[in-house]
Amino acid sequence: SGLSQEAGSVEQLSLHCAEGSLEWLYPTGALRLRLAPRLPPTSAAIKGGSPLHVTACIKPTGTFRGAQLYLEREGVLELLLPEAPRPRARCFSWLPQEKVALFLQATPHPDISRRIAAFRYELRGDWLARPALPAASLSAEGACRPCNDTEILMAICTSDFVIRGSIRSVSNDAELQESIIGVSATRIHRQKFLLFQEGGRPGRPVGSIRTPLRCGVKPGPGTFLFTGWLHFGEAWLSCAPRYRDFQRIYKGARRTRQNPCEFPVD
């Protein structure tokens, strides 16, 4: 609470968790949030390397008021969230050796009405490798291009969800610049949380997967293997090869013993 702070003071905090949230009541002065995550294993770590980048995503609540959020990188400030922003995620990345922090500065108001500057955050290692995040600043080209064979094989091993199924519908949200793909699942190979639940035809779990609007996803026939990541509780698409193409790629890699993990293939 800013009620315990003096005007003009700067409180220092460290964010160590890979994801979490911050709520600042009655913002006064400023908060400096050092980003020092204890990162979970990544695809780079699985392959024996270390993350090339660290990526953070910030998503303000719909009631974000009373402060502005800046990215502090090597002493230079960049505005991330103005006061009363749209509830969209902003993402940025940095090299492990760079010094970065978030600077949350209270904005002056003539009254003392209740204001809350609150946001959720995610901190990941090597997140630039594949996921199609809803931020133009992150890998604008890579978010929409088809995955190559190596990326597909790694996606089935490391993704938050791996779902075999078909496209039921595609709807577009122009305000959020997102496409929402309605998927009917024929087999759930993996899902970290209950993303797909019964609701379609008997025995066919259904769910939705998001991707940037600029990728121009269209509904089409056939069976796909959808892989991707959880982003603020929502499923985001990474790789989605046609299932028959995945079978060919995986069987070829297995013959040459280049498959990074075992995966059931019909």
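See the structure printed just above.
Residues numbered from 1 in each chain as written. Predicted model: local features only at pLDDT ≥ 70, side-chain atom pairs only at ≥ 80, totals over all residues. Heavy atoms only, no water.

A.B. asks: Could you clarify how one ought to interpret the packing of aromatic side chains in this entry?
C.D. replies: Each pair of aromatic rings is reported with the distance of its centres and the angle of its planes. For the coordinates displayed, the defined rule picks out six aromatic pairs. An aromatic cluster is built from Tyr243, Phe246, Tyr250 and Phe263, whose rings are joined through pairwise contacts. In this structure, Arg164 is placed above the aromatic ring of Tyr243, and the distance from its NZ or CZ to the ring centre is 4.1 Å. (Phe/Tyr/Trp six-rings, centres within 6.5 Å; stacked < 30°, edge-to-face > 60°. Lys NZ or Arg CZ within 6 Å of the ring centre and 35° of its normal.)

A.B. asks: What should I look at first to understand the sheet that holds strand 8 (residues 100-106) in this one?
C.D. replies: Within a sheet, adjacent strands bond to each other through the backbone by hydrogen bonds, running parallel or antiparallel. On the basis of which strands lie adjacent, the open sheet formed by five strands has the order 1-3-8-5-6 and mixed pairing. If you trace the sheet from one side to the other, it starts and ends with strand 1 (10-15) and strand 6 (76-81), each paired once. Put simply, the sheet's adjacent strands are angled 25 degrees from each other on average, direction ignored. Note: strand 3 (residues 30-35) against strand 8, five bridges, orientation antiparallel. Of the residues in strand 8, the one forming a bridge with Arg32 is Phe103. (Pairing = 2+ DSSP bridges. Helix = DSSP H or I, 4+ residues; strand = E, 2+ residues; numbered from the N terminus. Axes fitted to C-alpha atoms, helices over the stretch in contact; angles between N-to-C directions.)

A.B. asks: Looking at this structure, I do not really get the nonpolar core. What am I missing?
C.D. replies: Soluble globular proteins tend to pack their nonpolar side chains together in the buried interior. Core analysis: the biggest nonpolar cluster contains 25 residues, and Phe92, Leu102, Leu104 and Phe119 have the highest contact counts within it. Of all the secondary-structure elements, those providing two or more residues to this core are strand 2 (19-25), strand 3, strand 4 (54-60), strand 5 (67-73), strand 6, strand 7 (90-94), strand 8 and strand 9 (116-125). With near-sequence residues (within four places) excluded, Phe92 lies in contact with Leu35, Val54, Thr55, Ala56, Ile58, Leu71, Arg73, Leu80 and Leu102. (Core = buried A, V, L, I, M, F, W, Y, C linked by side-chain atoms within 4.5 Å. Buried < 20%, exposed > 50% of the residue type's maximum accessible area, 1.4 Å probe, protein only. Contact = heavy atoms within 4.5 Å.)

A.B. asks: What exactly am I supposed to notice about the environment of Pro221 here?
C.D. replies: For Pro221, the location among the structural elements is in the loop between strand 13 (205-212) and strand 14 (224-231). Separated by 55 residues in sequence, Pro221 and Ser166 have C-alpha atoms that sit 7.1 Å apart.

A.B. asks: Could you clarify how one ought to interpret helix 2 (residues 149-158) in this entry?
C.D. replies: Among the 10 residues in helix 2, seven count as buried, and that is most of the element. A distance of 3.2 Å separates the backbone nitrogen of Thr150 from a side-chain oxygen at the start of helix 2, and that oxygen is part of Asn148. (Polar contact = N/O pair within 3.5 Å; in protein donor to acceptor, adjacent residues only side chain to side chain.)

A.B. asks: Would you mind showing me how to read the environment of Trp229 here?
C.D. replies: Turning to its location among the elements, Trp229 is positioned in strand 14. In sequence terms Trp229 and Val162 are 67 residues apart; their C-alpha atoms lie 9.4 Å from each other.

A.B. asks: Whenever I open this one, the environment of His109 confuses me. Can you help?
C.D. replies: As for its position among the elements, His109 is in the loop between strand 8 and strand 9. Among the residues examined, His109 registers a relative accessible area of 32% and is labelled partly exposed. His109 sits 43 residues away from Gly66 along the chain, and the two C-alpha atoms are 7.9 Å apart. In terms of polar contacts, His109 uses its side chain to reach the side chain of Thr107, at 3.2 Å.

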